[in-house]
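# Observations on the three-dimensional arrangement
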Amino acid sequence: MNEEITQAAPLVGHFTVLLSATRRGARLARLLTERQLADWGLPSDAAEHIVAELAANAVVHGRVPGRDFRLALRLDASGTLRIEVTDARGDRVPHVPNSASAYAESGRGLLLVAAYADRWGVDEAPAACKTVWAELVPGQVDR
């Protein structure tokens, strides 16, 4: 039997930072993403929008007083950008609502993530935390 083995491409860029679970921390996450992607020569409005939404969700829905959230950006040799936001509320798993009202004040953020990302999901993380991740493949990163 011939099995295909797929291996992740080696990382060419990695950035991780802990930020306060506040509005200011969420804004800083987007600004740091913009700067890091520029340093990598990979500006991406899509990535910035994804980070803004995931960081805002970490602050609003994943906040535990006294605990930070973590932003990680990983760029592999194939050009795939993986965005990860880890927060302290592993018990609150995000989901895309079936239908968000066109006039609702909230509830459409993950629809934006799903629209911008090629893949996204949620993983359990240590210490009862969760990581929400999104990936942009080459050709999509620079949109």
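Residues numbered from 1 in each chain as written. Predicted model: local features only at pLDDT ≥ 70, side-chain atom pairs only at ≥ 80, totals over all residues. Heavy atoms only, no water.

### Quick notes on helix 1 (residues 23–39)
Stated precisely, the cut-off is as follows: The numbering of helices and of strands both runs from the N terminus, where a helix is a DSSP run of H or I of at least 4 residues and a strand a run of E of at least 2. Take the residue count of a helix, subtract one, and multiply by 1.5 Å to get its expected span. Burial here depends on accessible area, computed with a 1.4 Å probe over protein chains only, as a share of the maximum for the residue type. Under 20% is buried, over 50% is exposed, and the range in between is partly exposed. Directions drawn from the helix axis to the C-beta atoms are what define this arc. Residues count as neighbours in contact if any of their non-hydrogen atoms are within 4.5 Å of one another.
With 17 residues, helix 1 ought to run about 24 Å at 1.5 Å a step, and its terminal C-alpha atoms sit 25 Å apart, in line with that. For helix 1, the full list of buried residues reads G25, A26, A29, T33, Q36 and L37. Taken around the axis of helix 1, the buried residues stretch over an arc of 105°, which confines them to a single face. Among the exposed residues of helix 1, those pointing more than 90 degrees away from its buried face are R23, R24, R27 and R35. Each element contacted by the buried residues of helix 1 is listed here: strand 1 (11–19), helix 2 (45–60), strand 2 (69–76) and strand 3 (81–87). Phi turns positive one or two residues past the end of helix 1, at G41, with a value near 70°.

### Digging into the pattern of salt bridges
Defined as follows: By definition, a salt bridge exists where a carboxyl oxygen of Asp or Glu is found within 4 Å of a side-chain nitrogen of Lys or Arg.
According to the stated counting rule, one finds 9 salt bridges in the structure shown. For the salt bridge of R35 with D39, the shortest nitrogen-to-oxygen distance reads 2.5 Å. Taken together, the residues R35 and D39, both in helix 1 and 4 residues apart, mark about one turn of the helix. Residue class for R35 comes out exposed when judged on its relative accessible area of 53%.

### Structural notes on the environment of R74
Test applied: Distance and chemistry together define a polar contact, namely a pair of N or O atoms within 3.5 Å, with one atom able to donate a hydrogen and the other to accept it when in protein, and with adjacent residues in sequence counting only for side-chain atoms on both sides.
When you line up the elements, R74 lands in strand 2. Considered as a pair, R74 and T16 are 58 residues apart in the sequence and their alpha carbons are 8.7 Å apart. Within the local environment of R74, its side chain forms a polar contact with the side chain of H14, the two groups lying 3.4 Å apart.

### Let's talk about the confidence of the model for the chain
Any region with low pLDDT has predicted coordinates that should not be read closely. This is how the line gets drawn: As a per-residue measure, pLDDT reflects the predictor's confidence and takes values from 0 up to 100.
For the chain, per-residue confidence averages 86 on the pLDDT scale, and 83% of positions sit at 70 or higher. Long-range and interchain partners of residues 1–6, a stretch whose pLDDT sits below 50, account for 0 contacts in this model, where long-range means more than four residues apart.

### Looking at unusual backbone geometry
Glycine aside, a negative phi is what most residues show, and trans is what most peptide bonds show. Positive phi outside glycine occurs at A127, with the angle close to 60°. Backbone geometry at A128 places phi at a positive 60°, although glycine is not the residue there. Tracing the backbone shows A128 in the loop between strand 4 (119–125) and strand 5 (129–136).

### What about the packing of helix 1 against helix 2?
Quick note on the threshold: Simply put, an axis is a line fit to the C-alpha atoms, just over the touching stretch for a helix, and the angle between two N-to-C directions goes from 0 to 180 degrees. When an angle is under 35 degrees it counts as roughly parallel; over 145 it counts as roughly antiparallel; between 65 and 115 it counts as roughly perpendicular; any other value is oblique. For any pair of crossing helices, the crossing counts as left-handed if the nearer helix is rotated counterclockwise from the farther one by less than a right angle, and right-handed if it is rotated clockwise. Note on residue categories: nonpolar means Ala, Val, Leu, Ile, Met, Phe, Trp, Tyr, Cys or Pro, charged means Asp, Glu, Lys or Arg, and polar means any other residue, Gly included.
Relative to each other, helix 1 and helix 2 sit at 155°, their axes nearing to 9 Å. Between helix 1 and helix 2, the angle falls in the class roughly antiparallel. The two elements helix 1 and helix 2 meet at a crossing, and its hand is right-handed. Between helix 1 and helix 2, the residues in contact are R23, A26, A29, R30, T33, E34 and L37 and A47, E48, H49, V51, A52, A55, A56 and V59, respectively. Split by residue class, the contact of helix 1 with helix 2 holds 9 nonpolar, 2 polar and 4 charged.

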